[in-house]
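Structural overview
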Amino acid sequence: MNLGTVFGAVFRRELTMIRRYMVNSISSLVSVYLVFILMFMGFQSMSNYVKTGALEGSLEGTIVGFFVWTFTIYAFSDLSWSLISEAQAGTLEQLYLAPCGFKWVGACTVISNFIFSLVPIMVLLFAMMATTGKWLNLDFVSLIPLLLITLLGAYGFGFALGGLALVFKRIQAFFQIMQFVFVGFLIVPTRLAWAKFLPLAVGNDLISTVMVDGARLWELPLNDILTATAVGAAYLAIGIVIFSCCENVAKSRGLLGHY
Amino acid sequence: MDITRNALAVESLTKTFRDGGRGSVKAVDNVAFQVEQGEVVGLLGPNGAGKTTTIKCILGLMRPDSGHVTVFGEDAQTNYPRILSKMSAVLEGSRNLYWRLTVWENILFFSALHGVASPADKRYFDHLLKLFSLEDKRNVEVRKLSQGMKQKTSVVCALARRAPLVFLDEPTLGLDVETSLELRSVLRELSCEEGRTFVVSSHDMAVIQDVCQRVIIMSEGRIVVDDNVSHLMDLFRTRCYRIVLRGPAPEGLEKRLVHEFVGSSVAEGEQGAEIKVNLSEDEDIYRLMDILRGVDGVIDEISHEEIDMEKVYLEVVRKERSFQ
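This structure is a prediction, so every number in the text was calculated from the model and none was measured.

This part is about the overall build of chain B. Each helix and strand in chain B was counted, giving 10 helices and 14 strands. With respect to the three principal axes, the spread of C-alpha positions in chain B is 75 × 45 × 40 Å. The buried share among the 324 residues of chain B stands at 51%. Sequence separation of 24 or more characterises 71% of the internal contacts of chain B that already satisfy a separation of 6 or more. Working note: accessible area of chain B is about 14,600 Å², and carbon and sulfur atoms make up 46% of it.

What follows is the structure, encoded as structure tokens:
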């Protein structure tokens, strides 16, 4: 099985879906921007509480945190929501008939969605920077790898919740809760030793260092990069294991095609 | 068992659904059958007979409790999911398609998942669209199509994957008579032209009679009949009798007949009482005559009843239930 053909098919499907659901895509982006505006308006009072690693309380740090949070939500919800919507639409079982295995179809969906989320989130970032007048350093060579490392944990959560959705179906309440949990992961100070083992936390710090301080990838502490990678990979692995267990349960109970 | 000629071999397939502490339902009970390459086999049965569960267990969408599935000589479990390159399916009760994508986009997407995406493959997709009269709907979003066209598109997407073994679970469900006839005709044509193996599950007896060479009838999770359609029809044709009596039915006749011959019926016709009876054994005709003689019934007319797949099916299912 040629995975390139599968990736091409999934990529084209996602692109077509984005075009067909353009109004929905734009409106969700606008709503995220409006949330930021509300946050910005209350920033002065909130700034004492919003901490992003070494940049505690700064507006720049908040922009970076919001930027990473938006990426996280996109990554997490794309995977888990797409599983739910495929099950609702009745196409999930057809994807399970792919000879490469459903996990590869899921992986292609995740990569495609990451690529497609770059444009709207960058637009959002520019909008946030223009609104606040704080222009951050956008070194994509450093940013993209760091974003991928940071989002590994979010994808892990996506796999886990997607798996739970296969078995328990209506778990939308979890999605709302997870959005707030991710905020917690982003604002927890990484000077606390245990915080380094939380998803997103160290990665978010590194991204802040690049975007606010103008550091390059190779100037960042190697230890922190390795920690962020290991923690992200561990959460991704746990998410995939939970997904596999739930998939087994769903297949045993005949739940794949149900919603 | 000749493995090399078999497209599919199912052995001792069993699947039980457990409902917490409230009990369990054996959906598939020790099912075993083979399908030869190029054969078109119908899977018939009432709701809950286990047809869809059997198909989903073969496809790996459900995990059976026990049993063994071989596809073109390869063990399905050890070669999963690679073995799926040899199978495709239209599944009952599912949309099977992305409604926001066009007919062509759906075909390209699902066939690419099977690695089928060459220019020659695309020419074949065009051929399928022509065959299913969907050429002018090629660039129309599926949500804008009628139910019949959506169903035909689902079948095209399953066929476009060029898998040698195709499962069609209720392919004519919700279709009008005309579309159902069209679909049947195309399936017949494809099975002849391409030599692919089809397993067609349906409630629609006409589809099975029209398209399939062999039929497997399931009831309560078990296979109760596995025979050639023509042989089965001949068998039942010789067993089904229509007897017209002179005058109304004598009292107690219907009760006696129903007791002796499962599925018999007595109705009052214009000429006299009309009896329909299915005789399962050769000597049953003598028992029938004894009963009629016993109630002083005068036979005016006796003939074989016209038989179709629906009657065969009903007779098999009735008989099966009477044994339980």
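Once you've had a look at it, read on.
With that out of the way, let us pick up helix H9 (residues 201-213) of chain A. All names here are of chain A. Spanning 13 residues, H9 covers 17 Å between terminal C-alpha atoms, matching the ideal 18 Å at 1.5 Å per step. Across the 13 residues that make up H9, a large majority, 10, are buried. Within H9, burial applies to Ala201, Val202, Gly203, Asn204, Asp205, Leu206, Ile207, Ser208, Val210 and Met211. Contacts from the buried residues of H9 go to helix H4 (59-89), helix H6 (102-132), helix H7 (140-168), helix H8 (172-187) and helix H10 (222-253). A positive backbone phi angle near 75° is found at Gly214, which sits one or two residues after H9.

For the rest of this paragraph, the subject is empty space enclosed by the protein. Residue and element names in this part refer to chain A. With the rule as written, the count across this model stands at four cavities of 30 Å³ or more. Put simply, the largest cavity is a space of about 120 Å³. Elements supplying a minimum of two residues to the lining of the largest cavity: H4, helix H5 (92-96) and H6. In the lining of the largest cavity, the residues fall into eight nonpolar, three polar and two charged. Among the elements of the structure, H7, H9 and H10 are those that each provide at least two residues to the lining of the second largest cavity. If one sorts the elements of the lining of the second largest cavity by residue count, H10 sits on top with four residues. Each residue belonging to the lining of the second largest cavity can be placed in one class, and the counts come to eight nonpolar, four polar and one charged.

This brings us to the packing of aromatic side chains. Summed over all chains, the structure comprises 21 aromatic pairs over all chains. Summarising the aromatic geometry, the rings of B:Phe109 and B:Phe110 are spaced 5.1 Å apart at their centres and angled 75° between planes, so their arrangement reads as edge-to-face. Under the relative-accessibility criterion, B:Phe109 is labelled buried at 3%. We note B:Arg100 situated over the ring of A:Tyr21; from NZ or CZ to the ring centre the distance is 4.6 Å.

Residues A:Met22, A:Ile26, A:Val30 and A:Leu34 make up a contiguous nonpolar surface patch of roughly 350 Å² in combined accessible area. Assessed through its relative accessible area of 42%, A:Val30 is described here as partly exposed.

All names here are of chain B. Pairing analysis gives nine bridges linking strand S1 (residues 6-18) to strand S2 (residues 24-36), with the strands arranged antiparallel. Looking at S2, one finds that Val10 is bridged to Phe33. Bridge count between S1 and strand S4 (residues 66-71): five bridges; the pairing is antiparallel. Among the inter-strand pairings, Thr14 is bridged to a residue of S4, identified as Ser66.

Moving on to the interface of chain A and chain B. The interface of chain A with chain B comprises 30 residues on the first partner and 34 residues on the second. Per-residue buried area on chain A facing chain B is highest for A:Arg20, A:Gln94 and A:Leu97; these three make up 24% of the total on that side. At the boundary of chain A and chain B, one finds three salt bridges. Between A:Glu93 and B:Lys56 there is a salt bridge, with its nearest N and O atoms 3.0 Å apart. Summed over the shared surface of chain A and chain B, the number is 15 residue pairs in polar contact (both at pLDDT 80 or more). Among the secondary structure elements, those contributing two or more residues to the side of chain A that touches chain B are helix H1 (3-20), H4, H5 and H10 of chain A. If you tally residues by element for the side of chain A that touches chain B, the top one is H1(A), at eight residues. Taken together, the residues that form the side of chain A that touches chain B break down as 15 nonpolar, nine polar and six charged.

What follows concerns the pattern of salt bridges. Under the counting rule described, the total for this entry stands at 26 salt bridges over all chains. Between B:Glu39 and B:Arg214 there is a salt bridge, with the nearest N and O atoms lying 3.0 Å from each other. You can see B:Glu39 sitting in the loop between S2 and strand S3 (40-44) and its partner B:Arg214 sitting in strand S9 (residues 214-219), a full 175 residues away along the chain. Of the two residues, B:Glu39 and B:Arg214, both sit in the buried class. Notably, a salt bridge pairs B:Lys152 with B:Glu182, separated by 3.2 Å at the nearest N-O pair. With B:Lys152 in helix H4 (residues 147-160) and B:Glu182 in helix H5 (residues 177-194), this pair connects stretches of sequence that are 30 residues apart. Residue B:Lys152 is classed as buried on the basis of its relative accessible area, which comes to 5%. Here B:Glu182 falls in the partly exposed class, since its relative accessible area comes to 25%. In this structure, a network of salt bridges that share partners links the residues A:Arg20, B:Glu105, B:Glu141 and B:Arg143.

Rules behind the numbers
Residues numbered from 1 in each chain as written. Chains lettered and ligands numbered in written order. Predicted model: local features only at pLDDT ≥ 70, side-chain atom pairs only at ≥ 80, totals over all residues. Heavy atoms only, no water. Helix = DSSP H or I, 4+ residues; strand = E, 2+ residues; numbered from the N terminus. Buried < 20%, exposed > 50% of the residue type's maximum accessible area, 1.4 Å probe, protein only. Contact = heavy atoms within 4.5 Å. Areas by Shrake-Rupley, 256 points an atom, 1.4 Å probe, with all protein chains shown as cover. Expected span 1.5 Å × (residues − 1). 1 Å grid on protein atoms, 1.4 Å probe; cavity = no way out; pocket = protein on both sides within 12 Å on 5 of 7 lines; lining within 4 Å. Points joined across faces, edges and corners; volume = space filled by probe spheres on them. Nonpolar A, V, L, I, M, F, W, Y, C, P; charged D, E, K, R; others polar. Phe/Tyr/Trp six-rings, centres within 6.5 Å; stacked < 30°, edge-to-face > 60°. Lys NZ or Arg CZ within 6 Å of the ring centre and 35° of its normal. Patch = residues over 30% accessible without salt bridge, like charges linked within 9 Å, V, L, I, M, F, W, Y side chains within 5 Å. Salt bridge = Lys/Arg side-chain N within 4 Å of Asp/Glu carboxyl O. Pairing = 2+ DSSP bridges. Buried area = accessible area lost by both parts, 1.4 Å probe. Polar contact = N/O pair within 3.5 Å; in protein donor to acceptor, adjacent residues only side chain to side chain.

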